[in-house]
Amino acid sequence: MAQQDVVIIGGGISGLSMAFYCSQAGMKTTLIEKGKAVGGSFASHHYSSNGDSFWLELGAHTCYSSYQNLLGIVEACGIFDTIIPREKVPFTLLKNGEVKSITSGLNIPELLVSAPNLFRLKKDNLTVREYYSKIVGQGNYRNTISHFFNAVPSQVTDDFPADMMFKSRPKRKDVLKNYTFKGGLQSVAHTIAARKGIEVRTGSPAETVAMSGGRYVVRTEDGQEYSAGALVLALPSAVASKLLQNVNQAVAHHLSLLKYADVDSVGVVVRKENVSLKPVAAIISPDDTFFSMVSRDTVKDDNFRGFAFHFRPGLDDNAKFKRISEVLGVGLPKIEHTVTNFTVLPSLRKGHREWARKADDLLSGARNLYLTGNYFGGMAIEDCVSRSHDEFDRMAR
Ligand SMILES: Cc1cc2nc3c(=O)[nH]c(=O)nc-3n(C[C@H](O)[C@H](O)[C@H](O)COP(=O)(O)OP(=O)(O)OC[C@H]3O[C@@H](n4cnc5c(N)ncnc54)[C@H](O)[C@@H]3O)c2cc1C
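Residues numbered from 1 in each chain as written. Predicted model: local features only at pLDDT ≥ 70, side-chain atom pairs only at ≥ 80, totals over all residues. Heavy atoms only, no water.

Caption draft 1: Up close: the overall build of the protein. Broken down by element type, the protein carries 12 helices and 19 strands. For 397 residues, the compact-globule formula gives about 21 Å, and the C-alpha radius of gyration of the protein, at 22 Å, lands near that figure. If you line up the protein on its principal axes, its C-alpha atoms span 65 × 60 × 45 Å. Long-range contacts, defined as pairs at least 24 residues apart, comprise 72% of the intrachain contacts of the protein with a sequence gap of at least 6. (Helix = DSSP H or I, 4+ residues; strand = E, 2+ residues; numbered from the N terminus. Rg over C-alpha atoms; globule rule 2.2 N^0.38 Å. Contact = heavy atoms within 4.5 Å.)

Caption draft 2: Spatial organisation of the site of the ligand. Residues in close proximity to the ligand total 32 residues, the closest being S14, E33, S41, Y67 and M379. Here an oxygen atom of the ligand and a backbone polar atom of I13 are 3.1 Å apart. Separating an oxygen atom of the ligand from a side-chain N or O atom of S14 is a distance of 2.6 Å. When isolated, the ligand has an accessible area of 1000 Å², and the protein chains bury 91% of it. If you list the elements that add at least two residues to the shell around the ligand, you get helix 1 (13-24), strand 2 (29-33), strand 18 (335-347) and helix 12 (381-396). Of the residues contributing to the shell around the ligand, the split by class is 16 nonpolar, 14 polar and two charged. (Near = heavy atom within 4 Å. Polar contact = N/O pair within 3.5 Å; in protein donor to acceptor, adjacent residues only side chain to side chain. Areas by Shrake-Rupley, 256 points an atom, 1.4 Å probe, with all protein chains shown as cover. Nonpolar A, V, L, I, M, F, W, Y, C, P; charged D, E, K, R; others polar.)

Caption draft 3: Summary view of the packing of helix 1 against helix 2 (residues 68-76). Running from N to C, helix 1 and helix 2 cross one another at 55 degrees; their axes reach a closest spacing of 11 Å. Of the possible angle classes, the one that applies to helix 1 and helix 2 is oblique. The handedness of the crossing between helix 1 and helix 2 comes out as left-handed. Across from I13, S17, F20, Y21 and Q24 in helix 1, the residues of helix 2 making contact are N69, L70, I73 and A76. The residue makeup of the contact of helix 1 with helix 2, split by class, is six nonpolar, three polar and no charged. (Axes fitted to C-alpha atoms, helices over the stretch in contact; angles between N-to-C directions. Parallel < 35°, antiparallel > 145°, perpendicular 65-115°, else oblique. Left-handed = near helix turned anticlockwise from the far one by under 90°.)

Caption draft 4: Representation of the sheet that holds strand 9 (residues 178-181). One open sheet accounts for three strands, arranged 5-9-6; its pairing is antiparallel. Looking at the sheet topology across the chains shown, the edges are occupied by strand 5 (63-64) and strand 6 (83-85). Judged from the two bridges that link them, strand 5 and strand 9 form a sheet pairing that is antiparallel. Bridge pairing in strand 9 links C63 to Y179. (Pairing = 2+ DSSP bridges.)

Caption draft 5: Molecular detail of the pattern of salt bridges. Going through the model one piece at a time under the given rule, you end up with 23 salt bridges. We note a salt bridge from K350 to E130, for which the minimum N-O separation is 3.4 Å. Highlighted residues: K350 in the loop between strand 18 and helix 11 (352-364) and E130 in helix 5 (residues 128-136), separated in sequence by 220 residues. A relative accessible area of 40% places K350 in the partly exposed class. The partly exposed category is assigned to E130, whose relative accessible area is 32%. Here D163 makes a salt bridge to R353, at a shortest N to O gap of 3.2 Å. Placement of the pair is D163 in the loop between helix 6 (138-151) and strand 9 and R353 in helix 11, with a sequence separation of 190 residues. (Salt bridge = Lys/Arg side-chain N within 4 Å of Asp/Glu carboxyl O. Buried < 20%, exposed > 50% of the residue type's maximum accessible area, 1.4 Å probe, protein only.)

Caption draft 6: Representation of helix 12 in the model. In a regular helix each residue adds 1.5 Å, so 16 residues correspond to 22 Å; helix 12 covers 22 Å between its end C-alpha atoms and thus fits that length. Residues I381, E382, D383, C384, V385, R387, S388, E391, F392 and M395 constitute the buried set of helix 12. (Expected span 1.5 Å × (residues − 1).)

Caption draft 7: Quick peek at empty space enclosed by the protein. Scanning all chains against the criterion turns up three cavities of 30 Å³ or more. The volume enclosed by the largest cavity comes to roughly 100 Å³. Lining the largest cavity are W55, L56, E57, H61, R86, T180, V294, S295, R296, T298 and V299. Of all the secondary-structure elements, those providing two or more residues to the lining of the largest cavity are strand 4 (52-57) and strand 16 (290-295). Per-element tally for the lining of the largest cavity: the top contributor is strand 4, with three residues. In this structure, the second largest cavity encloses a volume near 60 Å³. Residue assignment for the lining of the second largest cavity shows that the elements contributing at least two residues are strand 14 (259-271) and strand 18. In terms of residues, the lining of the second largest cavity owes the most to one element, strand 18, which gives three residues. (1 Å grid on protein atoms, 1.4 Å probe; cavity = no way out; pocket = protein on both sides within 12 Å on 5 of 7 lines; lining within 4 Å. Points joined across faces, edges and corners; volume = space filled by probe spheres on them.)

Caption draft 8: The arrangement of the domain arrangement of the protein in detail. What the domain assignment reports for the protein is domain 1 (2-45 + 179-259 + 348-396) and domain 2 (103-164). Measuring from the centre of the C-alpha atoms in domain 1 to the corresponding centre in domain 2 gives 33 Å. Contacts between the two partners involve nine residues from domain 1, matched on the other side by 11 residues from domain 2. Across the interface of domain 1 and domain 2, roughly 850 Å² is buried in total on both sides, 60% from carbon and sulfur atoms. If you look at where domain 1 meets domain 2, you find two salt bridges. Scanning the region where domain 1 abuts domain 2 turns up two residue pairs in polar contact (both at pLDDT 80 or more). Classifying every residue of the side of domain 1 that touches domain 2 gives three nonpolar, three polar and three charged. (Domains from an automatic or database assignment. Buried area = accessible area lost by both parts, 1.4 Å probe.)

Caption draft 9: Molecular detail of the environment of G373. Structurally, the position occupied by G373 is in the loop between strand 19 (369-371) and helix 12. Remark: the alpha-carbon pair of G373 and L233, spanning 140 residues in sequence, is separated by 8.1 Å. Ignoring any residue separated from it by four or fewer positions in sequence, one finds G373 in contact with S14, C384 and R387.

Structure below.
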């Protein structure tokens, strides 16, 4: 059985950033990821044909100058010069078959009357609907802005805590406001995973966690066992809850209280000459079968264009591809390549900060057990890395 200082389960950006901090401190670190490659929602799909290659984001697509912890890791990994700008193409609204600007959906008089509330109203203890319908007006919220918010975590966000939706953080002045990386986000994931001191095991999910002689023993589906003094779970809350059943019922139960939504994504790659749609960053279509379509037009390619549709759950493939073909104006035979991806994102609710505080209380009494993920300070990449940073600090103490 492999004996490590720390075993991390889950190879998304939460697990990878934790692995980075642990390995930097000289700890023998194993990271277990059930997928074929690391990255989770911080991964890019690669496609190549006749020597032409292309990548497309099916999950996260944009990083910001305020992602200071992520940037710290990027610098330490020596890949700061792989940061590339995103083209300035618009976020658009699809209404009555026409692609328009987001602002075209706004009632300006209503916006002007409501906007002063921005200076009066605090987000604390209000839901997204309660807060933003006062800031932009109820009609604007219902008809336009709510759809824009829903597009962010691919689910209805009316009941999300307003203060966890968009957070303002200090920005770095020497970095582009928003950016991605050469080769897509996956390039960062792979660079972290390749660091000295991190042993990565992909392709088999962690199935059970037990305690033996004061150490955690993780068993994967393929029968491998890993033993470590410290355990980090960097997984969707429901999976983490299940794995902890036999080692910490209190934390397992607390994790089971969180709700989450399925995100059902389909990516398509089309030869450039076959799409007439003007370049867009994204399309949001109110009350449609998809929450958003995020395009690769933000990083131009000579041969291909790529589009990731994030659908409402429960649609069959025929319905999804019919809608993709309609929105892009491209017949199905012209779609050169498709890829599907299922993931989950937390459905945060008012009072989530109390949930997170209680989680930390329970963890402080647990033996060398650490939790990171996108359900603590928020869902953004930087929230995940910040959480890993804090959990690593606790481990180091
Ligand atoms: C469509 C979409 C668009 C987004 N856009 C942005 C954006 O532009 N900017 C931004 O900042 N954030 C964005 N986000 C949010 C951000 O990408 C995620 O919150 C973040 O990447 C989550 O990272 P994570 O490591 O916590 O979870 P995940 O990425 O979900 O990683 C968890 C990992 O655990 C693995 N796993 C599950 N079960 C097991 C098991 N039993 N054993 C081993 N491994 C297991 C999974 O395969 C997965 O790789 C977006 C999210 C989505 C879905």
